[in-house]
Amino acid sequence: MASTAEPGEGIRLEELQLATRNRGMPLEGLRYDVTPIGMHYLLVHFDIPDVDADSWRLRIGGLVERPLELSLADLRRRPARTLPVTMECAGNGRARLDPRPLSQPWLVEAVGTATWTGTPLAGILADAGVRPDAVELVFTGADRGTQGDIEQDYQRSLTVAQATAPEVLLAYEMNGRPLEPQHGFPVRLLVPGWYGMTSVKWLTAIEAVAAPFEGYQQIEAYTFRESDDDPGQPVTRMRVRALMIPPGIPDFYTRVRSLDPGPTTLRGRAWGGFAPIVRVEVGIDGVWAEATLGPPLGEHAWRSWTYDWLAPPGEHTLSCRATDADGTTQPTVPAWNVKGLANNLVQDVAVTVRA
Ligand SMILES: Nc1nc2c(c(=O)[nH]1)N[C@H]1C(S)=C(S)[C@@H](COP(=O)(O)O)O[C@H]1N2
Ligand SMILES: [Mo]
């Protein structure tokens, strides 16, 4: 099967089938500091597994001094931490690439922020006693399927240093409620700052291993590659991005916006996994101006911004772009890669300001 659509080709039924299973956050959801659970984006590679909370166990094994088997009650008895975390799918923006890699065809809406509660993974790894010869931890989910002709459990790895960062949680609550089935019930890994594929849902096992993990989701699915034979670089943290709540009212089919002329406040959020957001700019028909940043919500959560616009009658294109403390900003021409990952192209919103 071809891995990309023909240049300019419309969405295929297989892509639509994925798009109806995996929802995006409606952009008006950017109004909330914390995304309501039912509006948070969703990405499930295979099927949502049927996990029984009473018989569920998390096994920690491999190169550890003391293998552990923990129940949900065991995890809930451990020290808890609650963090607001913005999560984005690495495939966000894929459908804007041409030729389009065939996969979940996200535009810009594969993002959400939740307050996650769980126990720090570092404490569990300390109890298990990760041996000095272990280099990585492999996280396995309860879901199974075929991807790239390989039958597999969903699995990802982190180095020991990455896995023991204090913000890495085994999360059992989202917005103060037990995880819903589609978000990883009963327990998922949560790795703030990283693209979503890292945060393995329906976690069943953590294995300490002596060599870098070479599973499909690690070295094949989430690497920046310019061609099929390029081994590529791993996709890790979220690239910097700003999004805007489309102002005014939409046309049902085209989503083009209409609004009255005069003062209007444009609002949105900005985030990135490498460094804090220090600047957001709004583009009005290609002319950039400074937006005002709201207060930070937390180290790993998006930051609100506003921009007061005196909307003149006519057709306009509104854009926004974020810059982080490293000086990194967003491209106006996307960088293409085989899997269509991390396309943080600036968002454009077409509006008609009435006469
Ligand atoms: N076990 C398992 N974990 C998974 C996935 C999956 O398909 N199976 N999808 C990953 C991807 S690609 C993303 S973007 C996030 C999405 O998390 P959410 O659906 O809770 O928003 O979960 C990640 N964890
Ligand atoms: Mo994803």
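Rules and cut-offs
- Residues numbered from 1 in each chain as written.
- Chains lettered and ligands numbered in written order.
- Predicted model: local features only at pLDDT ≥ 70, side-chain atom pairs only at ≥ 80, totals over all residues.
- Heavy atoms only, no water.
- Helix = DSSP H or I, 4+ residues; strand = E, 2+ residues; numbered from the N terminus.
- Polar contact = N/O pair within 3.5 Å; in protein donor to acceptor, adjacent residues only side chain to side chain.
- Salt bridge = Lys/Arg side-chain N within 4 Å of Asp/Glu carboxyl O.
- Buried < 20%, exposed > 50% of the residue type's maximum accessible area, 1.4 Å probe, protein only.
- Phe/Tyr/Trp six-rings, centres within 6.5 Å; stacked < 30°, edge-to-face > 60°.
- Domains from an automatic or database assignment.
- Contact = heavy atoms within 4.5 Å.
- Buried area = accessible area lost by both parts, 1.4 Å probe.

**Student:** Please provide a residue-by-residue account of the side chain of T117, values included.
**Tutor:** Take T117: it is sitting in strand β4 (residues 111-120). Separated by 2.8 Å, the side chains of T117 and T82 make a polar contact.

**Student:** I'd like to hear about the pattern of salt bridges, residue by residue, with values.
**Tutor:** Any two side chains of opposite charge can pair, on the condition that their charged atoms come close. Applying the stated criterion across every chain, the model contains 16 salt bridges. Across the salt bridge formed by D127 and R78, the nearest N and O atoms sit 2.9 Å from each other. Remark: R78 occurs in the loop between α2 (72-77) and β3 (81-88) and D127 occurs in helix α3 (residues 121-128); sequence separation between them is 49 residues. By relative accessible area, D127 is classed as partly exposed at 38%. When salt bridges that share partners are traced, they join R279, E281, E290 and R321 into one network.

**Student:** Got a sec to walk through the packing of aromatic side chains? Specific residues and values, please.
**Tutor:** This structure, assessed with the given rule, holds 2 aromatic pairs. For the pair Y41 and W106, a centre-to-centre distance of 6.0 Å together with 80° between the ring planes defines the contact as edge-to-face. Of this pair, Y41 sits in the loop between α1 (13-21) and β1 (58-62) while W106 sits in the loop between β3 and β4; the two residues are 65 residues apart in sequence, bridging distant segments of the chain. As far as the burial class goes, Y41 and W106 line up, both buried.

**Student:** Outline the domain arrangement of the chain, listing residues and values.
**Tutor:** We note that the domain assignment places domain 1 (13-231) and domain 2 (241-353) within the chain. Each of domain 1 and domain 2 was reduced to a C-alpha centroid, and the two centroids are 27 Å apart. Listed per partner, the contact involves 40 residues of domain 1 and 25 residues of domain 2. Considering only the surface of domain 1 that becomes buried against domain 2, L30, T86 and L97 emerge as the three largest contributors, covering 20% of it. At the surface where domain 1 touches domain 2, the tally comes to 2 salt bridges. R269 is the salt-bridge partner of D33, the closest N and O atoms lying 2.9 Å from each other.

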